[in-house]
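Here are the chains, one letter per residue:
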Amino acid sequence: MNLIIVIFCLFHLLHKLDRHICLTVTHIDILCLLYLIYCIFNAYYTRENEMPYIWRYTILNLVLGYLLIRSYPQKPIIINALIISGTLQSVIAILQSINKIHGNNDFFQITGTFQNPGPLGGFLGLSFIFTIKCFLDKKKDKRKFLLFIPLILMGYGLLLSDSRSAWIATFSVSNYILYKNIIRDEKIKSFFLKMKQSFIIKLLFMFICLSCLTITYLYKQNSANGRLLIWQTTTNMFLDKPLTGQGIGSFKETNILYQARYFEKNPHSYFASVAGYPGYPYNEFLHIASEQGVIGILFIGGILFLLYRLPQYHRIGKTALYGLSYLFLFSLFSYTFYIISLMFITIGLGGCLSYRPLVSFAFSKSMKIIAALCLLSILCVVISDIKIYKELRFISISSIHNHKELYDKIKNNSSFIDNYAQWAMITMPPDKRLPILRQAENVVPTVELFNDIGDTYLSLFNTNVAIQYYKKADLMIPNRITSKYKLFQIYLGAKDSCCALKWCEKALSGSLKIENTATLKMKIKMRQFKDIQLCSSN
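Owing to the predicted nature of the structure, the values given are computational and were not obtained by experimental measurement. For every chain, the first residue of the written sequence is number 1, and numbering continues from 1 along that sequence. Per-residue local features are limited, in this predicted model, to residues with pLDDT of at least 70; the limit for side-chain atom pairs, both in listing and counting, is 80 or more; totals at the level of whole chains, interfaces and linings are taken over all residues. Excluded from the side-chain calculation are hydrogens and water; included are all heavy atoms of the structure.

## Thoughts on the overall build of the chain
Labels follow the DSSP assignment, with helices taken as runs of H or I lasting at least four residues and strands as runs of E lasting at least two, numbered in each case from the N terminus. Secondary structure summary: the chain contains 23 helices and two strands in total. Considering only intrachain contacts with a sequence separation of at least 6, the fraction spanning at least 24 residues in the chain is 69%. To measure how exposed things are, a 1.4 Å probe is used in the Shrake-Rupley method; for residues, cover is taken only from the protein chains shown. For the chain, the accessible surface area stands at approximately 29200 Å², while carbon and sulfur atoms represent 65% of it. For this analysis, residues touch if any pair of their heavy atoms sits within 4.5 Å.

## Quick word on the side chain of T234
Take T234: it is sitting in helix α10 (residues 221-240). Excluding residues that lie within four positions of it along the chain, T234 makes contacts with F251, N255, L286, H287 and S290.

## A word on the packing of helix α13 (residues 315-331) against helix α14 (residues 340-352)
It is the contact of α13 with α14, at a shortest axis distance of 8 Å, that shows an interaxial angle of 145°. Note on packing geometry: the crossing formed by α13 with α14 is left-handed. For the pair formed by α13 and α14, the contact residues are I316, G317, A320, G323, L324, L327 and F330 on the first element and L342, I345, T346, L349, G350 and C352 on the second. A per-class count over the contact of α13 with α14 returns nine nonpolar, four polar and no charged. Whenever a helix is involved, its axis is fitted only over the stretch in contact; in every case the axis is a line through C-alpha atoms, and angles between N-to-C directions fall within 0 to 180 degrees. Left-handed is the label given to a crossing in which the near helix is rotated counterclockwise from the far helix by less than a right angle, and right-handed is the label when the rotation is clockwise. Amino acid classes used here: Ala, Val, Leu, Ile, Met, Phe, Trp, Tyr, Cys and Pro are nonpolar; Asp, Glu, Lys and Arg are charged; the rest, including Gly, are polar.

## Section: a positive patch on the surface
A cluster of basic residues, K138, K139, K140, R315 and K318, forms a positive patch at the surface. Along the polypeptide, K318 turns up in helix α13. The patches reported here contain residues having more than 30% relative accessible area and no salt bridge. Joining distances are 9 Å for like charges and 5 Å for nonpolar side chains (Val, Leu, Ile, Met, Phe, Trp, Tyr). Here, a salt bridge means any side-chain nitrogen of Lys or Arg that lies within 4 Å of a carboxyl oxygen of Asp or Glu. For the charge count, each Lys or Arg is scored as positive and each Asp or Glu as negative, with His and the chain ends excluded. Lysine's charge is taken at NZ, arginine's at CZ, aspartate's at CG and glutamate's at CD.

## What to know about the packing of aromatic side chains
Each aromatic pair joins two rings of Phe, Tyr and Trp (for Trp, the six-membered one) with centres within 6.5 Å, and gets the label stacked for planes under 30 degrees apart, edge-to-face for over 60, and tilted for any other angle. Taken as a whole and judged by the stated rule, the model has 24 aromatic pairs. Where F114 meets F123, the ring centres are 5.9 Å apart and the plane angle is 50°; that geometry is what we call tilted. F114 gets classed as buried once you look at its relative accessible area, which sits at 10%. Between the aromatic rings of Y262 and F271, the centroid separation amounts to 6.4 Å while the plane-to-plane angle is 50°, which identifies the pairing as tilted. By the burial criterion, Y262 is buried, and F271 matches it. A cation sits over an aromatic face here: R261 above Y258, 4.5 Å from the ring centre. Looking at K472, its charged tip hangs above the ring of Y469, at a distance of 5.2 Å from the centre. Burial status follows relative accessibility: with a 1.4 Å probe on protein chains alone, a residue under 20% of its type maximum counts as buried, one over 50% as exposed, and anything between as partly exposed. Only when the NZ of Lys or the CZ of Arg is both within 6 Å of the ring centre and within 35 degrees of the ring normal is a charge said to sit over the ring.

## Quick look at the state of the cysteines
A pair of sulfur atoms, both from cysteines and within 2.5 Å, is called a disulfide here. In this structure the tally under the stated criterion is zero disulfides. Cysteine C499 is unpaired, with the sulfur of C498 as its nearest cysteine sulfur at 5.6 Å. The partly exposed category is assigned to C499, whose relative accessible area is 25%.

## So, the environment of E441
Residue placement: E441 occurs in helix α18 (residues 430-443). Expressed as a C-alpha distance, the spacing of E441 and I453, which sit 12 residues apart in the sequence, is 8.8 Å. Apart from residues lying up to four places away in sequence, E441 is in contact with L449, F450, I453 and Y469.

## Observations concerning the pattern of salt bridges
Under the defined criterion, the tally for this structure stands at eight salt bridges. A salt bridge links K220 to D162; its shortest N-O distance comes to 2.8 Å. Here K220 is found in the loop between α9 (199-219) and α10, whereas its partner D162 is found in the loop between α6 (148-161) and α7 (164-182), with 58 residues between them in sequence. The partner of D455 in a salt bridge is K486, with the nearest N and O atoms 3.1 Å apart. Taken together, the positions of D455 in helix α19 (residues 447-459) and K486 in helix α21 (residues 482-493) put the pair 31 residues apart, joining distant regions of the chain. Connected via shared salt-bridge partners are D474, K484 and K506.

## Quick word on the confidence of the model for the chain
A score from 0 to 100, pLDDT tells how confident the predictor is in each residue. With 82% of its residues at a pLDDT of at least 70, the chain reaches an overall mean of 81. Counting interchain partners and residues more than four positions distant, the pLDDT-below-50 stretch residues 1-6 has 17 contacts.

## Here's the deal with the environment of T46
You can see T46 is positioned in the loop between α2 (27-45) and α3 (55-71). Setting aside anything within four residues of it in sequence, one finds T46 in contact with F41, T244, G245, Q246 and G247.

## Remarks on the nonpolar core
Residues enter a nonpolar core if they are buried and are Ala, Val, Leu, Ile, Met, Phe, Trp, Tyr or Cys, with the set joined through side-chain atoms within 4.5 Å. With 66 residues, the main nonpolar core has Y35, L307, Y326, I345 and L349 as its most contacted residues. Among the elements that take part in this core, helix α5 (residues 117-137) stands out by supplying 11 residues, more than any other. Among residues more than four places away in sequence, those in contact with L307 are I28, Q312, L321, F328, L353 and Y355. Core analysis: the next-biggest nonpolar cluster, separate from the first, contains 44 residues, A424, L437, Y457 and I467 among them.

## Quick look at a nonpolar patch on the surface
Taken together, the side chains of I30, L33, L34, I37, L358 and V359 present a nonpolar region at the surface, about 510 Å² in accessible area. Take the nonpolar patch: its biggest share by element is four residues, from α2. Mapped onto the fold, L34 is located in helix α2. A relative accessible area of 43% means that L34 is categorised as partly exposed.

## Looking at the packing of helix α11 (residues 251-265) against helix α20 (residues 463-476)
It is the contact of α11 with α20, at a shortest axis distance of 7 Å, that shows an interaxial angle of 90°. With respect to α20, the axis of α11 lies roughly perpendicular. Packed against α11, whose contacting residues are I256, L257, Q259, A260, F263 and E264, the element α20 presents K472, L475 and M476 at the interface. Taken together, the residues of the contact of α11 with α20 sort by class into six nonpolar, one polar and two charged. Any angle from 65 to 115 degrees is called roughly perpendicular, while one under 35 is roughly parallel, one over 145 is roughly antiparallel, and all others are oblique.

## Topic: the side chain of S269
Tracing the backbone shows S269 in the loop between α11 and α12 (284-309). Polar contacts here mean pairs of N or O atoms no more than 3.5 Å apart (in protein, one a potential hydrogen donor and the other a potential acceptor; neighbouring residues in sequence count only if both atoms are side-chain atoms). A polar contact is formed between the side chain of S269 and the side chain of Y262, at a distance of 3.4 Å. For S269, the side chain forms a polar contact with the main-chain nitrogen of F271, separated by 3.1 Å. Excluding anything up to four places from it in sequence, S269 contacts Y262 and F263.

Here it is in C-alpha cells:
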C-alpha cells in the first residue's frame, strides 16, 4: 500500500511537470496541518512506550492520499466507485449467508471482504447513503430507477451484517437526506416549520429516538454492556491524563490495565460477567480523548465546526459531507479508524469537500522537481524497509533475536511480539524467555501473557512476583478461571488452606464467560478440595 501510493503520487507529479499546478489552501487544511503536527508530537513524546515503526507509513499514506484526492479533478468517480463497491460487497455477503463463499472469520459467517461484520456494515451503510443521494439528485433521469437494485442489495446486506452502529447511522443520515430533499417545496417547508414548533411533535421525536436506542440496546444486551464497560475504562484513561492523553496508539496497550483497576475498585460490578479483552474503543471520540487529551478533542471540534459552518460550493462536496456525517455517527458506536479502508475513505471524502480557498500557491517547475525528489527519497526508504520486512520470510522465529536491526523495528508490533512471546514460552528456558515476555507486556498486555509471566517467575522460584501477575490477570477479565486456579494451586502447595479456600470459592462462585474441558477439570479439583475442607471443619 505504501509503495503504491508513493509511486502514484510521483507519477502524478511527473505527469504534470510541464503543466500548471495550483495548490489551494482552506481554513480546514491549515487546521488539519496543525492537528497533524500535534499528532506526531503526541505519538513520539507523550507515549510511555516507543511508537511502532509502521506508524510513520500510516501517516504518510493518509497525507499523500488526501493531497491526491484534492488534486484529482474527477471526484464524482470516487462516489460512484463506492456505490459499485458497496453493491459487490452486498453480493458477497449474500453468497456468504447461503454458504456459497466462506467468510474471513471463523466466528462470523458474514464478513464480506472484511475481517468481521462491523466494518462490513459500516461500508454498506455508507454506500447506501451515497446511492440514495445519487437517486434523489437525478430528478428527471429515468435511469435512476436502476439504482433500486443496488439499494435493495445493500439494504439486505446491511441487515445481514448485524451491525447496530451501521443501522443507527444509516437510518439517521438517510432520513435527514430525505427530509432535506422534501422541504425544497415551499409548502412542505412551511408545514415542517410549524411541526417543529409543536411541543407534542418534539416529544414524539424524542420518544422515537429513545425507543430506537432502547431496542438496539436490548437486541444484544451483553454486547452493549461490554461496550459500556469499555467506555468507562476509556474515560478513566482520559481523566488520568486529560491534557495530552495517554499517547496515540496506546489504547490496546493501556485499556486492559485500566479495566483491571476498575474491577479492583469495583469487585462486585455487574460488568464482571460481560468483560472481555477490549480490542477496540467502540467510540472514536472517546478514543481520541483518551489518547490525545483535551488538545486533540479541541482540534477535532474545530475541524467539525468548520466542516458544517463553511458553505460547500459544489454538489460533490455536499455529497461527501453526507458521507462524513454518516462516518461520524458510525464512529460513536464503532471503531472506524482501526479499519484502514474506512480510514482512507474518510480522508478521501475530506479531499472531495469544496470550500472557498483561503490562499493559493502556484507551483513553479523547480518546486515540482524538488517535490519529485522528495517523493523519490521517500520511495527509496519504503523500498529499503520492504526489503528488511521480506527478510522475515526467510528468518526463523528462533533466530530473530540475532538480527538486531530487524528486531528493533518490529519489537513494538503487537502481532509479532505476541507470537514471539508465545513461542518463547514454549521453547525457551525461564531466564531466557522472561525479557521477551516483559517486552510483550509493554506492547500487548493480555490475561494469557500475564499468566505466562507468572508461570515464568514461579519457575524461577520468585513466588511473590508470580502471585502479583496472577492477581493482575484475574482482575483484567474476572469471568475467567485460570488465574484463580493458579493462585489456588500456589496456596495449596504452600499449605495455606485459608487462602486456597478463598480463591477456590471465588472461582466457583463466579459465572464463566467461556467454559471448556480445561475449565471443567479445574472446577472439579477445586470442588473436591472445598468438600474436603467442609468435611474437616464439621
